[in-house]
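Chain by chain, the residues:
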Amino acid sequence: GESVGLHLPTLSVQEGDNSIINCAYSNSASDYFIWYKQESGKGPQFIIDIRSNMDKRQGQRVTVLLNKTVKHLSLQIAATQPGDSAVYFCAENIDNQGGKLIFGQGTELSVKP
Amino acid sequence: GAVVSQHPSWVICKSGTSVKIECRSLDFQATTMFWYRQFPKQSLMLMATSNEGSKATYEQGVEKDKFLINHASLTLSTLTVTSAHPEDSSFYICSAHAQGGVNYGYTFGSGTRLTVV
């Protein structure tokens, strides 16, 4: 379900460390997931996606893990940089619901130089 | 590729007036467009789904007479906030979706900051 009304949890890391951002999704029928990065005053920016027939996918400095058993998604950012500071959202899609994308709660990542 | 242009980026209006926000897919045809609103420090909340040439589908709790959505072409959708009130002040974001495209899944506009005074 949607998380409107909840305030963002925060994660603070040191520059160069790895970051792990977690997300619990609600619908076991969801078959496509996306991680977005949102900077202040801007729209969400695509980072990486994964389909439900996979449990891991890697991009440049980012890895997404999917655990369908417990409906959990994580985003790992390697060698976190100050430019990674932003709010990160997971989003889920159920293909038979007209393609709509439902966003999770979000996590605010703060990278200390 | 896959660029969505949203205008205006910010707008201030008086209480009781109406405001129109445009969302355009610049280099692809969007079969579906979505409208979200976002309050400070919160997640994006889906308001409605619009398909070209048909009526929008609104999420539960969203007033369709207050938030008018028009999707007249495959590249343009508009959201009109009618009789705006201060509680409508929010960040409105559109997303365009093109089925079948590689990662054209969902492309977001840059958002519109609406302030009603």
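Residues numbered from 1 in each chain as written. Chains lettered and ligands numbered in written order. Predicted model: local features only at pLDDT ≥ 70, side-chain atom pairs only at ≥ 80, totals over all residues. Heavy atoms only, no water.

1. Description of the side chain of T112 of chain B
Residue and element names in this part refer to chain B.
Next, step 1: Note on placement: T112 falls in strand β11 (residues 112–116).
Next, step 2: The class for T112 is buried, based on a relative accessible area of 0%.
Next, step 3: At a separation of 2.5 Å, a polar atom in the side chain of T112 contacts the main-chain carbonyl oxygen of P8.
Next, step 4: For T112, the residues in contact, after removing those within four places along its chain, are Q6, H7, P8, S9, W10, V11, I21, S90, F91 and Y92. (Helix = DSSP H or I, 4+ residues; strand = E, 2+ residues; numbered from the N terminus. Buried < 20%, exposed > 50% of the residue type's maximum accessible area, 1.4 Å probe, protein only. Polar contact = N/O pair within 3.5 Å; in protein donor to acceptor, adjacent residues only side chain to side chain. Contact = heavy atoms within 4.5 Å.)

2. Describing the state of the cysteines
Next, step 1: Considering all chains together, one arrives at two disulfides over all chains under this definition.
Next, step 2: Covalently, C23 of chain A is tied to C90 of chain A through a disulfide, its sulfur atoms 1.6 Å apart. Pair noted here: C23 of chain A is in strand β2 (residues 19–24) and C90 of chain A is in strand β8 (residues 86–93), with a separation of 67 residues, a long-range link.
Next, step 3: Residue C23 of chain A is classed as buried on the basis of its relative accessible area of 8%.
Next, step 4: Each disulfide pairs two cysteine sulfurs, and for C23 of chain B the partner residue is C94 of chain B, the sulfurs being separated by 2.0 Å. Measuring handedness by torsion sign, the sulfur bridge of C23 of chain B and C94 of chain B sits at about 80° and is right-handed. One end of the pair, C23 of chain B, is in strand β3 (residues 19–25); the other, C94 of chain B, is in strand β9 (residues 90–97), with 71 residues separating them in the sequence. (Disulfide = S-S within 2.5 Å.)

3. Some points on the sheet that holds strand β7 (residues 72–77) of chain A
Residues and elements named next belong to chain A.
Next, step 1: Strand order in the open sheet formed by four strands is β2-β7-β6-β5, with antiparallel pairing between adjacent strands. Looking along the sheet, the strands with just one partner apiece sit at the ends: β2 and β5 (56–58). Strand-to-strand twist across the sheet, computed as the mean angle between neighbouring axes with direction ignored, equals 15°. (Pairing = 2+ DSSP bridges. Axes fitted to C-alpha atoms, helices over the stretch in contact; angles between N-to-C directions.)

4. A word on the sheet that holds β3 of chain B
Residue and element names in this part refer to chain B.
Next, step 1: Spatially, the four strands line up as an open sheet ordered β1-β3-β8-β7, and their pairing is antiparallel. Two strands close off the open sheet at either side, each with one partner strand: β1 (4–7) and β7 (67–73). Ignoring which end each strand starts from, the neighbouring axes of this sheet average 15° apart.
Next, step 2: Relative to strand β8 (residues 76–81), β7 runs antiparallel, the two being bridged by five bridges. If you follow S73 over to β8, its bridge partner there is L76.

5. Observations regarding the confidence of the model for chain A
Residue and element names in this part refer to chain A.
Next, step 1: Of all residues in chain A, 90% attain a pLDDT of 70 or more, and the chain-wide mean is 90.
Next, step 2: The weakest mean pLDDT in chain A belongs to strand β9 (residues 101–103) at 92; the strongest belongs to strand β6 (residues 62–67) at 98.
Next, step 3: For residues 1–5, every residue scores under 50 in pLDDT, and the model assigns this stretch 13 contacts once sequence neighbours within four places are set aside. (pLDDT = per-residue confidence, 0-100.)

6. Thoughts on the interface of chain B and chain A
Next, step 1: The interface is formed by 18 residues belonging to chain B together with 27 residues belonging to chain A.
Next, step 2: Carbon and sulfur atoms supply 54% of the area buried between chain B and chain A, which totals about 1,900 Å² over both sides.
Next, step 3: Remark: the boundary between chain B and chain A carries two salt bridges.
Next, step 4: The partner of E59 of chain B in a salt bridge is K100 of chain A, and the shortest N-O contact between them spans 3.1 Å. (Buried area = accessible area lost by both parts, 1.4 Å probe. Salt bridge = Lys/Arg side-chain N within 4 Å of Asp/Glu carboxyl O.)

7. A word on the nonpolar core
Next, step 1: Residues F28, W35, F67, L79, Y92 and L114 of chain B are the most contacted members of the largest nonpolar core, which totals 26 residues.
Next, step 2: Those elements that provide at least two residues to this core are β2 (10–13), β3, β4 (32–38), β5 (44–51), β7, β8, β9 and β11 of chain B.
Next, step 3: Here L114 of chain B is in contact with V11, C13, V19, V81, D88, S89, S90 and Y92 of chain B, once residues within four sequence places are set aside.
Next, step 4: Core analysis: the next-biggest nonpolar cluster, separate from the first, contains 19 residues, Y25, L75, A86 and V111 of chain A among them. (Core = buried A, V, L, I, M, F, W, Y, C linked by side-chain atoms within 4.5 Å.)

8. Some thoughts on a nonpolar patch on the surface
All names here are of chain B.
Next, step 1: The grouping of W10, I12 and V117 at the surface amounts to a nonpolar patch, some 370 Å² of accessible area in total.
Next, step 2: Among the structural elements, W10 can be located in strand β2.
Next, step 3: Overall, W10 belongs to the exposed group, its relative accessible area being 59%. (Patch = residues over 30% accessible without salt bridge, like charges linked within 9 Å, V, L, I, M, F, W, Y side chains within 5 Å. Areas by Shrake-Rupley, 256 points an atom, 1.4 Å probe, with all protein chains shown as cover.)

9. Here's the deal with the pairing of strand β4 (residues 45–51) of chain A
Next, step 1: The pairing of strand β3 (residues 32–38) of chain A with β4 of chain A spans six bridges and is antiparallel. Across the sheet, the residue bridging to Y36 of chain A is F46 of chain A, located in β4 of chain A.

10. Details of the pairing of β9 of chain B
Regular strands show a simple pattern: their side chains alternate between the two faces of the sheet.
All names here are of chain B.
Next, step 1: Burial within β9 is extensive, with eight of its eight residues counted as buried.
Next, step 2: Covered by surrounding structure in β9 are S90, Y92, C94 and A96 together with F91, I93, S95 and H97, the residues of both alternating faces.
Next, step 3: Inspection of the sheet shows β4 paired to β9 by seven bridges, in the antiparallel sense. Note on β9: the bridge partner recorded for Y36 is I93.
Next, step 4: Pairing of β9 with β11, which is carried by three bridges, proceeds in the antiparallel orientation.

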